[in-house]
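Overview (structure and organization)
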Amino acid sequence: MKTDFKEEWKHLNPYQMEAVLDESPACVVNANVGSGKTTVLIAKILYLHYEKSVPLEEMVVLTFTNKAADEIISRLREREADLSREQVRGFGTFHSVALHLLKNQLPVEQMGWNREFTVISPDEEADLAAEVITAQKLKVKYKNRLKKRLEQEYQGYLRGKESSRYKDDLFLLYPLLEAEKKQQNKMSFSDLLRVCTELLLVGRTGNPVSEKEMSYTREGRTKELPGEYGENPALPWHPQWIIVDEVQDSDALQIEFLEALKGKDTRLFAVGDPNQVIYSWRGTGENMFYLLKHRFQAKELSLPVNYRSSASILEAANRFQQSGTGIQSSRETGGKIMVKNHYDPFQEAEYLAERIHALHDGGRAYGEIAVFYRLQKQSEILEKVFERQQIPYEVSVRKTIRDIPVLDWLIKVLRFSVNPADEQVGIDVLADPQYGEKCTRAKAKKTIQEQKRDSVLLYRRMMEFQGQEEWKKKEKVPGAAEIFAFFGLKEALHPTASSYYEDEKLVLKLLEKICRYCGEKDCGLIDGSREFVNRSALYGVNLLSGDGEVEESDFIGNHDGTVFSAAIGNGDGAAGDGIAREVAKIGNGIFPRDTVKLMTLHASKGLEFEIVFLIGMNQGLIPLHSQSMEQEEEERRLFFVGITRAKDELELSYYTNPGEPRVSGEYSRYLRMLPPHLLEWEELRSEGEKRSNLQQLRREVQEQIREKREREEEKKTAVKRARHPKYGEGILVSEDEMTVEVEFAGYGRKQFLKAFGEVTIEA
DNA sequence: AAGATCTATCTTTTT
DNA sequence: GATAGATCTT
């Protein structure tokens with residue numbers, strides 16, 4: 001085995017080598033863009049494991065996304081085919097590792113939860129908070145922004161600030177909410193990290209970081225904890241190594257988790273790039289990289305050499321590098337960066353289609369080309385035009401199980417089944433207008449609180465689930481059809497509804513996935529499904545596909561739930577229900593399909609392409625209007641991330657007539673910040689802008705986009721139920737001034753004139 | 001209940 | 001820098 005690495009290490013440069021071999025107590029690596037960060041990370045793990053005989057189980061490898069964790073594990077598996085799940089139990093996102101520790105090692109009971117706890121999403125936490133507010137008659141302002149407030153002010157609460165920003169009862173809500181979560185035996189994302197951190201700190205002595213330095217620990221909070229772990233001598237557990245990827249993205253809670261996890265003999269190795277902080281608006285601190293270095297008195301190494309981009313692209317990027325000593329190029333030359341203007345987004349899309357065709361004819365694969373933009377909605381025009389021009393493309397769209405109503409509901413059924421203490425999710429299931437028991441939330445609550453098992457089959461089955469002795473055994477995992485029948489799902493999915501076939505297929509697929517998961521984990525259905533639903537909460541999830549399988553008309557995504565929904569340039573991409581679109585899997589940054597990739601600048605982070613078009617380089621778009629200096633700096637980093645994705649060719653373009661309210665017809669000042677000798681300007685603005693075919697294109701595309709938006713709006717509006725004397729209860733499909741359209745189970749869709757007043761719509 | 005005032009959102013999205 | 005929505009003031 002060892003010789004393999006010697007061979008591989010020949011390709012490492014001295015900086016990379018130094019990082020791999022470093023064994024300082026704490027080390028942070030300042031890794032420039034494209035400097036082989038992941039290579040170093042993997043080499044380091046392999047080095048420690050094979051050369052230094054550190055068992056993989058003694059390493060905790062933390063990433064920020066599931067995708068990154070999956071990439072590391074799969075690269076490891078290339079070396080060691082029979083790598084077991086157990087061996088890499090410490091590899092994953094901060095949250096998934098915390099979950100694993102809470103489930104398997106830490107005495108979670110001491111904090112008021114039970115080992116069978118489930119994980120809830122921020123949405124569910126906000127819903128629960130709203131209920132607590134009502135029940136306790138709290139005065140909380142801005143309830144429509146509760147989710148955001150809950151998250152934003154949590155740090156302040158933990159740090160012992162006296163009251164919330166708006167002088168209301170929010171800080172009274174937190175402890176009540178926590179009590180309710182304990183009562184219902186469930187944890188939010190931040191609970192996972194916080195509770196895990198606190199338990200790791202229990203009874204700890206001789207730590208490099210004293211508890212007083214823990215910035216979130218409130219006076220008194222730690223004292224409430226029991227002082228020791230009781231009879232378990234293995235605790236507290238500390239790994240030999242902690243390895244952190246993309247450390248610039250960590251937040252305060254994550255740093256504290258690191259501090260708690262790090263024992264006095266634990267070594268810490270963290271890699272990151274302060275120039276690629278583009279998510280600080282969602283809570284990442286600005287200087288986490290240096291904060292970490294300071295906290296752990298870490299040695300700082302750097303990876304200065306970029307192996308990705310041409311010399312001219314790097315010279316441009318260096319003007320936007322905000323920290324560090326500049327990126328060193330590994331390539332001698334590079335063509336100029338093209339700068340072009342277009343009349344408007346339509347003309348630009350037409351131009352791009354033409355250019356891409358030419359590139360393809362010249363031997364470039366579609367998959368080597370990407371188009372980046374600042375805003376999600378900028379993809380619409382490109383999509384329509386590329387469809388017409390027969391350009392195969394994929395757009396990055398985040399899709400998860402939660403976006404598919406029937407699966408969202410099914411997961412909730414399972415969540416309640418494995419944790420009947422979760423009253424809230426039970427109510428969600430029974431009161432679901434589409435798949436539930438056609439009852440109000442109040443009635444569902446009564447059913448659950450009074451445990452009226454006999455009234456509703458579904459409720460009874462959910463309550464009986466955990467009692468199925470057979471299903472506790474690992475050798476008795478049932479098939480999907482058996483579980484389907486057990487819950488009486490056929491009835492719930494309305495066998496006569498037009499959506500039944502699709503729903504049933506999706507449900508069975510997910511159930512099969514769960515059964516397979518139990519097999520892999522070698523556990524019974526009860527434990528397996530509890531773990532599965534928890535993972536699905538953290539995984540954003542698309543767990544519908546097995547690895548690598550790509551089926552037509554299927555719904556497949558990679559592990560972090562990102563799906564590149566594709567249209568293959570053959571007309572209606574958004575067919576039917578909008579779910580079963582043809583979709584391709586991306587994993588590990590490798591795109592199996594030969595398609596042009598369309599994505600936002602944010603989504604481009606971590607990827608690379610031979611040819612990159614960065615469009616909409618207008619003042620007010622790149623950079624987007626920002627109200628603070630910090631935000632403006634982040635816009636610059638975003639641009640930096642975008643241009644450094646390109647290996648060979650970079651083309652920037654702007655509109656002279658953007659046609660959007662906040663976007664100026666001026667080109668971005670960022671273009672003036674680039675060294676002029678690197679740019680080649682081409683004036684494309686022509687009279688062609690008035691070509692009639694282009695005007696027709698504009699009209700048609702705008703109409704299509706308008707329709708698409710309407711359809712989406714329709715879908716978003718909550719499902720309303722309607723009642724008709726003859727057809728009974730149905731689901732409201734659409735409504736205007738004159739008519740209503742209702743879908744009835746068994747009768748299909750019917751339209752009615754409002755004036756007749758036969759149909760009553762529920763509020 | 002109207003009118004004044006405050007706040008966040010125009011954007012990006014992970015767990 | 002305009003606007004929608006919630007909250008506060010009267």
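Quick summary incoming for the structure in this document. Here the structure is a predicted model, which means the values were calculated and not measured. (Residues numbered from 1 in each chain as written. Chains lettered and ligands numbered in written order. Predicted model: local features only at pLDDT ≥ 70, side-chain atom pairs only at ≥ 80, totals over all residues. Heavy atoms only, no water.)

Once that is clear, we can look at the overall build of chain A. A tally of helices and strands in chain A yields 26 helices and 24 strands. Per-residue burial for chain A yields a buried fraction of 55% across its 763 residues. Of the contacts formed within chain A by residues at least 6 apart in sequence, a portion of 73% connects residues at least 24 apart. (Helix = DSSP H or I, 4+ residues; strand = E, 2+ residues; numbered from the N terminus. Buried < 20%, exposed > 50% of the residue type's maximum accessible area, 1.4 Å probe, protein only. Contact = heavy atoms within 4.5 Å.)

This next bit is on the sheet that holds strand β6 (residues 241–244). Ordered in space as β3-β2-β6-β7-β1-β8, the 6 strands form an open sheet in which the pairing is parallel. Every interior strand has two partners, whereas the edge strands, β3 (91–93) and β8 (299–303), have only one. In this sheet, adjacent strand axes meet at a mean angle of 20 degrees when their direction is disregarded. Relative to β8, strand β1 (residues 26–31) runs parallel, the two sharing 5 bridges. (Pairing = 2+ DSSP bridges. Axes fitted to C-alpha atoms, helices over the stretch in contact; angles between N-to-C directions.)

Across the 6 residues that make up strand β11 (residues 337–342), a large majority, 6, are buried. Of the pairings in the sheet, the one linking β11 to strand β19 (residues 679–682) comprises 4 bridges and is parallel in character. Looking at the pairing, isoleucine 337 lines up with leucine 679 of β19. When β11 meets strand β18 (residues 646–655), the two strands line up parallel, connected through 5 bridges. Bridge assignment links valine 339 to a residue of β18, and that residue is leucine 652.

On to the protein's contact with DNA strand B. Within the structure, DNA strand B sits among 26 residues, and Thr65, Asn66, Tyr166, Trp281 and Gln376 are positioned closest to it. Sugar and phosphate atoms represent 68% of those atoms of DNA strand B found within 4 Å of the protein. Between DNA strand B and threonine 600, the relevant distance is 3.1 Å, taken from a phosphate oxygen to a side-chain nitrogen or oxygen of the residue. Contacts to DNA strand B include arginine 662, whose side-chain N or O atom sits 3.4 Å from a sugar or linking oxygen. (Near = heavy atom within 4 Å. Polar contact = N/O pair within 3.5 Å; in protein donor to acceptor, adjacent residues only side chain to side chain.)

This next bit is on helix α18 (residues 441–449). Where α18 is concerned, the buried positions are Ala444, Thr447 and Ile448. One face of α18 carries all of its buried residues, which in axial projection span an arc of 95 degrees. Opposite the packed face of α18, turned more than 90 degrees from it, sit the exposed residues Ala442 and Lys443. Where α18 is buried, its residues meet α16 (405–418), α17 (423–430) and α19 (457–465). With its phi angle positive at about 50 degrees, glutamine 451 sits one or two positions after the end of α18. (Arc of directions from axis to C-beta.)

Around DNA strand C, the structure places Lys141, Tyr142, Lys143 and Asn144. In the environment of DNA strand C, a phosphate oxygen lies 3.1 Å from a nitrogen or oxygen atom belonging to the side chain of lysine 141. A distance of 2.8 Å separates a phosphate oxygen of DNA strand C from a polar atom in the backbone of tyrosine 142. Of the residues contributing to the surface near DNA strand C, the split by class is 1 nonpolar, 1 polar and 2 charged. (Nonpolar A, V, L, I, M, F, W, Y, C, P; charged D, E, K, R; others polar.)

Another aspect to go through is the pattern of salt bridges. One pass over the full model with this rule turns up 55 salt bridges. For the salt bridge of arginine 267 with glutamate 23, the shortest nitrogen-to-oxygen distance reads 3.9 Å. Of this pair, arginine 267 sits in strand β7 (residues 267–272) while glutamate 23 sits in the loop between α2 (14–21) and β1, placing them 244 residues apart in sequence. Taking relative accessible area as the criterion, glutamate 23 reaches 28% and is therefore assigned partly exposed. Between glutamate 634 and arginine 637 there is a salt bridge, with the nearest N and O atoms lying 2.9 Å from each other. A residue pair is termed a helical-turn pair when its members lie 3 or 4 positions apart in one helix, as glutamate 634 and arginine 637 do in helix α24 (residues 629–643) at 3 residues. The buried category is assigned to arginine 637, whose relative accessible area is 3%. Salt bridges linked by common partners bring Arg331, Lys340, Arg355, Arg364, Glu368, Asp648, Glu649, Glu651 and Glu682 together as one network. (Salt bridge = Lys/Arg side-chain N within 4 Å of Asp/Glu carboxyl O.)

Evaluation of the coordinates by the stated rule reveals 23 aromatic pairs. Considering the side-chain rings of phenylalanine 64 and phenylalanine 94, the 5.1 Å spacing of their centres and the 45 degrees angle between planes classify their relative orientation as tilted. Taken together, the positions of phenylalanine 64 in the loop between β2 (59–63) and α4 (66–79) and phenylalanine 94 in helix α5 (residues 94–104) put the pair 30 residues apart, joining distant regions of the chain. Exposure remark for phenylalanine 94: the relative accessible area of 1% places this residue in the buried category. Consider the rings of phenylalanine 320 and phenylalanine 639, whose centres lie 4.8 Å apart with planes at 65 degrees: the pair is edge-to-face. Linking phenylalanine 320 in the loop between α13 (311–318) and β10 (328–329) with phenylalanine 639 in helix α24, this pair joins segments that are 319 residues apart in sequence. Classification of phenylalanine 639 by relative accessible area gives buried; the value is 0%. Over the ring of phenylalanine 269 we find lysine 44; its NZ or CZ atom is 4.1 Å from the centre of that ring. The residue whose ring lies beneath arginine 535 is tyrosine 539, and the NZ or CZ to ring-centre distance is 5.0 Å. (Phe/Tyr/Trp six-rings, centres within 6.5 Å; stacked < 30°, edge-to-face > 60°. Lys NZ or Arg CZ within 6 Å of the ring centre and 35° of its normal.)

The final tally for this structure, using the stated rule, is 0 disulfides. Sulfur of cysteine 515: no disulfide; nearest cysteine sulfur belongs to cysteine 518 and is 6.2 Å away. With no disulfide of its own, cysteine 518 lies 4.9 Å from the sulfur of cysteine 523, the closest cysteine sulfur. Given the relative accessible area of 1%, cysteine 518 is considered buried. (Disulfide = S-S within 2.5 Å.)

A word on the packing of α16 against α19. Angle between the axes and distance between the axes are the two parameters that describe a pair of packed helices. The N-to-C vectors of α16 and α19 enclose an angle of 50 degrees; their axes lie 7 Å apart at closest approach. As the angle between them shows, α16 and α19 are arranged oblique. Here the hand of the crossing between α16 and α19 comes out right-handed. Between α16, through Trp409, Val413, Phe416, Ser417 and Val418, and α19, the contact on the second element is made entirely by Leu458, Tyr459, Met462, Met463 and Phe465. Tallied by class, residues from the contact of α16 with α19 come to 9 nonpolar, 1 polar and no charged. (Parallel < 35°, antiparallel > 145°, perpendicular 65-115°, else oblique. Left-handed = near helix turned anticlockwise from the far one by under 90°.)

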